[in-house]
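Each chain, written out:
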Amino acid sequence: MATAQFPFPLTAALERELTRRIALEYDTSNELHFARRLVRPILTLSDSSSRLGLWRSTTRRLEVSRVLVLERAWTEVVEVLKHEMAHQYVDEVLRVRGEPPHGPAFARVCAERGIDARAEGIPLAAAGADATSRVLERVQKLLALASSNEEHEASAAMRKAHELMLRHNLSSVEGAEARYEARHLGDASSRRSAVEREVVALLSKYFFVQVIEIPTYVARTGKRGWVFEVCGTRANVALAEHAFVFLLETADRLWRRLRRERSIAASERLPYQCGVIRGFGEKLESEREVLRGTGLVWVGDAGLERYYHARHPRISRATQYQRLGAAHELGREAGREVVLHRPVGPGGASSREPPRRLRSGS
């Protein structure tokens, strides 16, 4: 068994706090996903770097790797924890015997609760050349064309990418049940901004995904944070992640250009950047209106709704108000000229390492 090595001392106090946090996550997941039918086992941190989580039936121990807790995002810790809790549920509540660890009963428990049932960890983008992967490759090529300096060619390429994704999602909804997954956006150590919330609202409306802002924890600092969780098919999640990064970078670039070109107060940054995202949304809406005229009408994905509500059975909604004004209108004008481009990288976002899927020990 591989043993983890840490570049900093893991104090007893930090170990106790991490274990306490895992216990809190266990209790929350038990209430939300398992109707409190699980009895909390012994929760421990293990030294394994090859198994991120493990349910031990004979000793009633649920282990989580220190490598996972200290080196990966807390959202991944929670996913591994829920995966092992599903093993515990099959073992102690359903009392299933004679099936392999990731057999039919386990798969059903995970599907009903929006839990990742996969045990082997591979990058999301290396899952094989299925129909979804081929569609994503075609969208990548169109977004590469959308980086053209020729305005008409760039806009036409982005419009065609939009149409392709719409056609693909319509056919997926009409066909077999799609496979959904979740990915997390944003740095949990920093505050979520009004501009980011504008972007994720746009993603929910035009990129065939569901997005929710969820609380999380930063193990190394001991502080709470917030990230956005994006749910959808692999192709849609990858494109949404790319759009999230691209639009934030674009809003920031346009703001810096505006500041160079005219005198404008720094306090107008958020209204302007929110206006950029609103303007881009208006552009997408006009494109979708044209596609409605050809008979392409998106009415939603019931399978995605089920997956999303299985992961988040208690959802509260809040309304955010953004101050409007001249800067906001300038941003909307600029946003209507934005063309989403650059090919999506292996992990969705440009020049970033693709997120690895997690390996479970059970």
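Please refer to the structure higher up on the page.
Thresholds applied
Residues numbered from 1 in each chain as written. Predicted model: local features only at pLDDT ≥ 70, side-chain atom pairs only at ≥ 80, totals over all residues. Heavy atoms only, no water. Phe/Tyr/Trp six-rings, centres within 6.5 Å; stacked < 30°, edge-to-face > 60°. Helix = DSSP H or I, 4+ residues; strand = E, 2+ residues; numbered from the N terminus. Buried < 20%, exposed > 50% of the residue type's maximum accessible area, 1.4 Å probe, protein only. Salt bridge = Lys/Arg side-chain N within 4 Å of Asp/Glu carboxyl O. Pairing = 2+ DSSP bridges. Axes fitted to C-alpha atoms, helices over the stretch in contact; angles between N-to-C directions. Contact = heavy atoms within 4.5 Å.

Asker: A description of the packing of aromatic side chains should follow, citing residues and the corresponding values.
Answerer: In total, this model carries five aromatic pairs according to the counting rule given. With a centroid separation of 4.9 Å and an interplanar angle of 75°, the aromatic rings of Trp 74 and Tyr 217 are classed as edge-to-face. One end of the pair, Trp 74, is in helix α3 (residues 74-93); the other, Tyr 217, is in strand β5 (residues 210-218), with 143 residues separating them in the sequence. Comparing Trp 74 with Tyr 217 shows no difference in burial state: the two are buried.

Asker: Can you lay out the pattern of salt bridges for me, pointing to particular residues and giving the numbers?
Answerer: Applying the stated criterion across every chain, the model contains 27 salt bridges. Among the salt bridges present, the one from Arg 167 reaches Glu 163, with a minimum N-O distance of 3.0 Å. Linking Arg 167 with Glu 163, this pair stays in helix α6 (residues 151-174), spanning four residues, or about one helical turn. The class for Glu 163 is buried, based on a relative accessible area of 18%. Where Glu 241 meets Arg 183, a salt bridge forms, and the shortest distance between an N and an O atom there is 2.5 Å. With Glu 241 in helix α8 (residues 234-261) and Arg 183 in strand β4 (residues 180-185), this pair connects stretches of sequence that are 58 residues apart. Given a relative accessible area of 5%, Glu 241 falls into the buried group. For Arg 183, a relative accessible area of 6% translates into the label buried. Shared partners join several salt bridges into a network, and the residues in it are Glu 79, Lys 82, Glu 229 and Arg 311.

Asker: Explain the sheet that holds strand β2 (residues 53-56) to me, and be specific about the residues and the numbers.
Answerer: With respect to topology, three strands assemble into an open sheet ordered β1-β3-β2, the strand pairing being mixed. The strands lining the two open edges of the sheet, one partner per strand, are β1 (42-46) and β2. Strand after strand, the sheet turns through a mean of 20° between neighbouring axes, direction not considered. Two elements, β1 and strand β3 (residues 61-65), share five bridges in a ladder whose sense is parallel.

Asker: Tell me what's going on with the environment of Ala 327, and back it up with residues and numbers.
Answerer: With respect to the secondary-structure elements, Ala 327 resides in helix α11 (residues 326-335). Along the backbone, Ala 327 and Gln 273 are 54 residues apart, and their C-alpha atoms lie at a distance of 8.6 Å. Every residue in contact with Ala 327, bar those within four places of it in the chain, is listed here: Ile 264, Glu 268, Pro 271 and Tyr 272.

Asker: Requested: an account of the pairing of β2, with residues and values cited.
Answerer: Pairing between β2 and β3: four bridges, direction antiparallel. Counted as the bridge partner of Leu 54 is Glu 63 from β3.

Asker: So what's going on with the sheet that holds β5? Which residues, and what values?
Answerer: Taken together, the three strands give an open sheet; going across it, the order is β4-β6-β5, and neighbouring strands pair in antiparallel fashion. Two strands in the sheet have a free side with no partner beyond their single neighbour: β4 and β5. Pairwise comparison of adjacent strand axes, ignoring direction, gives a mean angle of 35° for this sheet. Direction of pairing for β5 relative to strand β6 (residues 223-233): antiparallel, over a ladder of nine bridges. Bridge assignment links Val 211 to a residue of β6, and that residue is Val 230. The sheet contacts of α8 involve β4 and β6, and relative to β6 the element is tilted by about 130°.

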